[in-house]
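A closer look at the structure
Residues per chain, in single letters:
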There are 2 protein chains.
Amino acid sequence: MDVILLGSGNVATHLGKALTEVGHRIAQVYSPSKTNAELLAEALKAKAIDNLADVDSQADAYIIAVKDDAIAQVASQLPTHLKGLVVHTAGSVDATVLAAYTMHYGVLYPLQTFSKAKAVDFSSIPLAIEGADEATYVQLENLASSLSNRVFPCDSKQRLSLHVAAVFACNFTNYLYSISADILYEHNLDFDVIRPLILETAEKVMIHLPEDVLTGPAVRNDRGTIEKHLEMLEGHPDLKELYARMSKQLRQYKK
Amino acid sequence: MDVILLGSGNVATHLGKALTEVGHRIAQVYSPSKTNAELLAEALKAKAIDNLADVDSQADAYIIAVKDDAIAQVASQLPTHLKGLVVHTAGSVDATVLAAYTMHYGVLYPLQTFSKAKAVDFSSIPLAIEGADEATYVQLENLASSLSNRVFPCDSKQRLSLHVAAVFACNFTNYLYSISADILYEHNLDFDVIRPLILETAEKVMIHLPEDVLTGPAVRNDRGTIEKHLEMLEGHPDLKELYARMSKQLRQYKK
C-alpha cells in the first residue's frame, strides 16, 4: 500500500519503520516542523511535507499519529474526497472524530509503549482496529495483519477501556518503579538490586493471571509489617498515603 | 556447609534447592507440620523434623525462613550455644531479634518473589546480607556467594527500605496488573492483549531508570484524556480515586 504518515513522534516513527519493513511504501511524512518531517521522511525514503495542503490525495491509507487534540484538526485539512483509508492511532479518541471528513475512517491502536531509544518487534504488538463500515474494516485489517499477528476488532468504548488498563499496567507501574528507585537512593542502595524482582514480577503474569499471584504484606494482612513500612515512609506523606490506600484496596480485593 | 532449614514455605523451598545444587548439605528440614517438613526434606534428601527440640546442634548454618512473627519464637527454641550461623530471611525484621539466642546471628534476604510453580535462577538473585560481627558477616558472605553473584551488605534499616521498595515494585505493581485485567474483562477483552505492554514496561527499566521513561496522560498533563478515563471508571469509586491520586502525584513528580 501507499501510505501517508501524518505525525513524526514515537508512534509515527515505529509504525513507519514497521510498514516499510513489510513492504509498504511511505509516500509522505507530514509534520508542522519541517525538520522533524525531514528526519523521519529520510529514514523512510519518503517525501517530507510541513503543509497539509501538499498531502497527496491518491494514497491508499492516511495514518494520523499526532496528539489527541490535534487529530480532528489534521483530518479537517486533508484533501476532500479521499478514496484511501483515514485512521488515527489514539486510545482515547472516538473513531467518529474523523467522520466529518471522510467515509473511510477507522482506528489502528497499537497497544505498546514506544520510545525512540528502544526497538520493538512490531509483529507481536496487539493492534486494536475499528472501521467505519465493513469494507473499511476489512481494508484496515489487511493493513494491520501485514504488521502484526495480533490484530483484533475493538470499538471505541472498548479501546478507551484498553487505554485505561494500559495506564494502570504501564504508566502507573512505571511510576511505582520510580518510587522504589527513590526509596533505594535515599538509603544508599542502587536501583539495580531491584531489577530482577521487577522483571520476575512481569514475567510471572505472562503465564499466570495477576489475581492468582498476588503476594505481600497487604495480601497476608500482615499488620506488623505494614505498620513498619508506613513508619519508614513518615517523611513522605504522599507515598505513605499511597502505600496505605493500595494496601487497603489490595486487602479488600483479595477477599 | 551443613545447613538446617527451619521452615517449608516458598523461600525455604527455593533456598534449599539452590543450596543443594551448589553442593551444600541440608541436614534437617523443620516445619510444625510433619507433612510439609517431609515433603521438602524428601526433595532435599534431608531429615524431616516437626519438633525444635530435635534440631541438631552441630550444623554450620541455621536458616530461619518462617513468617515474620514466628522468627523469634523459632530462634528461642533452638539448642543453646550453637557454633553455627543463625540467620533469618525476612525483609522487615531487625537482625537483633536473634541476638538473645546466639552471638552468630545475621540476615540473608533474597530480593525476589518466589512461587512454588515457577523456577527461578538463584545465581542472579540479589542477596542482602547482614552479620552481627565481622566474622559472622564473612562466614555468611561465603555462604551467600556460593548461591548468587549479587551479594551485598545491607543493615536492618536499609533492608526495611528494600522491602518497602519491593512492595511498590512487585506487590503493588501486580495489583495494578490485576486492576488492568479486571477493566479488560469488564469490556470483553482478554488479559492477553496487555501482556506485551507489561513485559516491555519492565524490560525498559532494565536498561533505563524509570524516572527517565515516564509516559502517559498524567506526565503530559493531558487533562482531556484523564477526564475521559475518570468518567470511564465512574462505576468503580476505588479505582477512580486511585487513578486520580496516582495521576496527581505522577504529574507533580515529573516537574
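Cut-off values and rules
- Within each chain, residues carry numbers counting from 1 in the order of the written sequence.
- All chains are assigned letters beginning with A, and all ligands numbers beginning with 1, in the order in which they are written.
- Only residues with pLDDT of at least 70 are given local features in this predicted model, and only at 80 or more are side-chain atom pairs given and counted; all residues enter the totals for whole chains, interfaces and linings.
- The basis for the side-chain values is all heavy atoms of the structure; hydrogens and waters are excluded.
- The way it works is that DSSP assigns letters per residue, a run of H or I at least four long becomes a helix, a run of E at least two long becomes a strand, and they are numbered from the N terminus.
- Only protein chains enter the calculation, and the probe is 1.4 Å; a residue is then buried if its accessible area is under 20% of its type maximum, exposed if over 50%, and partly exposed in between.
- Here a residue-residue contact requires only that any non-hydrogen atoms of the pair lie within 4.5 Å.
- Residue burial considers only the protein chains on display, and all accessible areas are found by Shrake-Rupley using a 1.4 Å probe.
- For the charge count, each Lys or Arg is scored as positive and each Asp or Glu as negative, with His and the chain ends excluded.
- For charged residues, the charge sits on one atom: NZ in Lys, CZ in Arg, CG in Asp, CD in Glu.
- When the centres of two rings from Phe, Tyr and Trp lie within 6.5 Å, Trp using its six-membered ring, the rings pair. Their planes under 30 degrees apart give stacked, over 60 give edge-to-face, and anything left gives tilted.
- Each reported salt bridge corresponds to a side-chain nitrogen of Lys or Arg within 4 Å of a carboxyl oxygen of Asp or Glu.
- We call two N or O atoms a polar contact when they sit within 3.5 Å, provided that within protein one can donate a hydrogen and the other can accept it, with sequence-adjacent residues counted only if both atoms are side-chain atoms.
- Think of each axis as a best-fit line through the C-alpha atoms, taken over the contacting stretch in the case of a helix, with angles from 0 to 180 degrees between the N-to-C directions.
- Oblique is the label for any angle not under 35 degrees, not over 145, and not in the 65 to 115 range, which are roughly parallel, roughly antiparallel and roughly perpendicular in turn.
- Left-handed describes a crossing in which the near helix is turned anticlockwise from the far one by less than a right angle; the clockwise case is right-handed.
- Scored from 0 to 100, pLDDT reflects the predictor's confidence in each residue.
- We superpose the copies by least squares over the C-alpha atoms of residues that have a pLDDT of at least 70 in both of them.
- Any two strands between which DSSP finds at least two bridges are classified as paired.

Some details on the overall build of chain A
- Secondary structure assignment for chain A yields nine helices and eight strands.
- Taken along the three principal axes of its C-alpha coordinates, chain A extends 70 × 40 × 30 Å.
- Of all 255 residues assigned to chain A, the portion counted as buried reaches 57%.
- Counting only contacts in chain A whose residues sit at least 6 apart along the sequence, the fraction spanning at least 24 positions is 52%.
- Carbon and sulfur atoms provide 48% of the accessible area of chain A, an area that totals close to 10,600 Å².
- Charged side chains of chain A number 23 positive and 31 negative; the gap between the two group centres comes to 4 Å.

A look at the environment of His-236 of chain A
Residue and element names in this part refer to chain A.
- Along the chain, the position of His-236 falls in the loop between α8 (223-232) and α9 (237-254).
- Judged by its relative accessible area of 28%, His-236 falls in the partly exposed class.
- Distance from His-236 to Leu-250, taken between C-alpha atoms, is 21 Å for residues 14 residues apart in sequence.

What about the packing of aromatic side chains?
- The tally for this structure, following the rule as stated, stands at ten aromatic pairs over all chains.
- Judged by centre distance (5.6 Å) and plane angle (70 degrees), the ring pair of Tyr-175 of chain A and Tyr-253 of chain B falls under edge-to-face. Here Tyr-175 of chain A, found in helix α5 (residues 156-186), pairs with Tyr-253 of chain B, found in helix α9 (residues 237-254), and the two come from separate chains.
- Tyr-175 of chain A sits in the buried class, given a relative accessible area of 3%.
- Looking at Tyr-253 of chain B, the relative accessible area reads 26%, which means it is partly exposed.

Observations concerning the interface of chain A and chain B
- Listed by partner, the interface residues are 90 residues for chain A and 90 residues for chain B.
- The interface formed by chain A and chain B includes four salt bridges.
- Put simply, Asp-192 of chain A and Arg-150 of chain B hold a salt bridge, and the shortest N to O gap is 3.2 Å.
- Linking chain A with chain B are 32 residue pairs in polar contact (both at pLDDT 80 or more), by the criterion used here.
- With 28 residues, the single largest contributor to the side of chain A that touches chain B is α5 of chain A.

Observations concerning the packing of α5 of chain A against helix α6 (residues 195-207) of chain B
- Taken N-terminus to C-terminus, the directions of α5 of chain A and α6 of chain B make an angle of 20 degrees; their axes are 9 Å apart at the nearest point. Here α5 of chain A lies roughly parallel to α6 of chain B, going by the angle between them. The interaxial crossing formed by α5 of chain A with α6 of chain B has right-handed handedness. Packed against α5 of chain A, whose contacting residues are Ala-166, Ala-169, Cys-170, Thr-173, Asn-174 and Tyr-177 of chain A, the element α6 of chain B presents Leu-197, Ile-198, Thr-201, Ala-202 and Val-205 of chain B at the interface.

Focus on the confidence of the model for chain A
- Of all residues in chain A, 99% have pLDDT values of 70 or greater, and the mean over the chain is 95.
- Across the predicted assembly, pTM comes out at 0.94 and ipTM at 0.95.

Focus on the relation of the copies chain A and chain B
- Screw-axis analysis of chain A against chain B gives a translation of 0.0 Å along the axis, an RMSD of 0.0 Å, and a rotation angle of 180 degrees. Classification of the inter-copy transformation places it as that of a two-fold axis. Across chain A, the smallest distance between a C-alpha and the rotation axis is recorded for Thr-173 of chain A, namely 2.8 Å.
- Counting the interface residues of chain A, we find that 100% of their copies in chain B are interface residues as well, pointing to one common contact surface.

Focus on the pattern of salt bridges
Residues and elements named next belong to chain A.
- Enumeration over the complete set of coordinates arrives at 14 salt bridges over all chains.
- Taking the shortest distance from any N to any O, the salt bridge between Arg-25 and Asp-2 comes out at 2.8 Å. Highlighted residues: Arg-25 in strand β2 (residues 25-30) and Asp-2 in strand β1 (residues 2-6), separated in sequence by 23 residues.
- When its relative accessible area of 47% is taken as the criterion, Arg-25 is described as partly exposed.
- Close ionic contact of Glu-130 with Arg-159 constitutes a salt bridge, the shortest N to O distance being 2.8 Å. Of this pair, Glu-130 sits in strand β7 (residues 127-131) while Arg-159 is found in helix α5, placing the two residues 29 residues apart along the sequence. Neither Glu-130 nor Arg-159 differs from the other in exposure class; each is buried.

Things to note about the sheet that holds strand β8 (residues 151-153) of chain B
Residue and element names in this part refer to chain B.
- With respect to topology, eight strands assemble into an open sheet ordered β3-β2-β1-β4-β5-β6-β7-β8, the strand pairing being mixed. Both edges of this open sheet fall to β3 (47-49) and β8, since each of them pairs with a single strand only. On average, each strand axis in the sheet is inclined to that of its neighbour by 25 degrees, with strand direction left out of account.
- Sheet contacts for helix α5 (residues 156-186): β5 (85-88), β6 (105-110), β7 (127-131) and β8; angle to β6, the most-contacted strand, approximately 20 degrees.

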